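Structure at a glance
Letter by letter, the chains look like this.
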Amino acid sequence: MAVQANLSKALDKSYEDKSISEILSAPPSALAGLTTAHDAVLKEHFGIDTVRELGSNKYFALAGVLVALSGKEG
């Protein structure tokens, strides 16, 4: 079964028509709201060059899990 998702609001305009594989291999600035200046900071401080590396970085992944669990305490 094919799955479709409209990511146009989450991506820089130049990446809206790219495949998931191409987006994952792109710099973080492919995500809407991030710039090449953010790319440089992510590279310098975390060694992150791609959207894939950003999404699989242990610190960012942990933060995402904590946010997802935030409403489940108790």
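Residues numbered from 1 in each chain as written. Predicted model: local features only at pLDDT ≥ 70, side-chain atom pairs only at ≥ 80, totals over all residues. Heavy atoms only, no water.

Some thoughts on the packing of aromatic side chains
A complete count under the given rule lists 2 aromatic pairs for this structure. Ring centres of Phe46 and Tyr59 lie 6.3 Å apart, and the angle between their planes is 55 degrees; on these two criteria the pair is classed as tilted. One end of the pair, Phe46, is in helix H2 (residues 36–46); the other, Tyr59, is in helix H4 (residues 58–69), and 13 residues separate them in sequence. Judged by its relative accessible area of 40%, Phe46 falls in the partly exposed class. Counting every residue linked through ring pairs, the aromatic cluster contains Phe46, Tyr59 and Phe60. (Phe/Tyr/Trp six-rings, centres within 6.5 Å; stacked < 30°, edge-to-face > 60°. Helix = DSSP H or I, 4+ residues; strand = E, 2+ residues; numbered from the N terminus. Buried < 20%, exposed > 50% of the residue type's maximum accessible area, 1.4 Å probe, protein only.)

Considering the nonpolar core
Core analysis: the largest hydrophobic core is formed by 6 residues, namely Leu11, Tyr15, Ile23, Ala26, Ala30 and Val51. Ignoring sequence-local partners within four residues, the contact set of Leu11 consists of Glu16, Ile23, Ala30, Leu31 and Ala32. (Core = buried A, V, L, I, M, F, W, Y, C linked by side-chain atoms within 4.5 Å. Contact = heavy atoms within 4.5 Å.)

Some remarks on H2
The N-capping residue of H2, defined by a side-chain oxygen 3.2 Å from the backbone nitrogen of Ala37, is Thr35. Gly47 sits one or two positions beyond H2 and adopts a positive phi of about 70 degrees. (Polar contact = N/O pair within 3.5 Å; in protein donor to acceptor, adjacent residues only side chain to side chain.)

Some remarks on a nonpolar patch on the surface
A contiguous nonpolar surface patch, about 370 Å² in accessible area, is contributed by Leu62, Val65, Leu66 and Leu69. Within the secondary structure, Leu69 sits in helix H4. Overall, Leu69 belongs to the partly exposed group, its relative accessible area being 46%. (Patch = residues over 30% accessible without salt bridge, like charges linked within 9 Å, V, L, I, M, F, W, Y side chains within 5 Å. Areas by Shrake-Rupley, 256 points an atom, 1.4 Å probe, with all protein chains shown as cover. Salt bridge = Lys/Arg side-chain N within 4 Å of Asp/Glu carboxyl O.)

Some thoughts on the pattern of salt bridges
By the definition in use, this model includes 2 salt bridges. Across the salt bridge formed by Lys13 and Glu16, the nearest N and O atoms sit 3.8 Å from each other. Of the residues examined, Lys13 reaches a relative accessible area of 67% and is grouped as exposed. Of the residues examined, Glu16 reaches a relative accessible area of 35% and is grouped as partly exposed. Asp49 is the partner of Lys43 in a salt bridge, and the nearest nitrogen-oxygen pair spans 3.2 Å.

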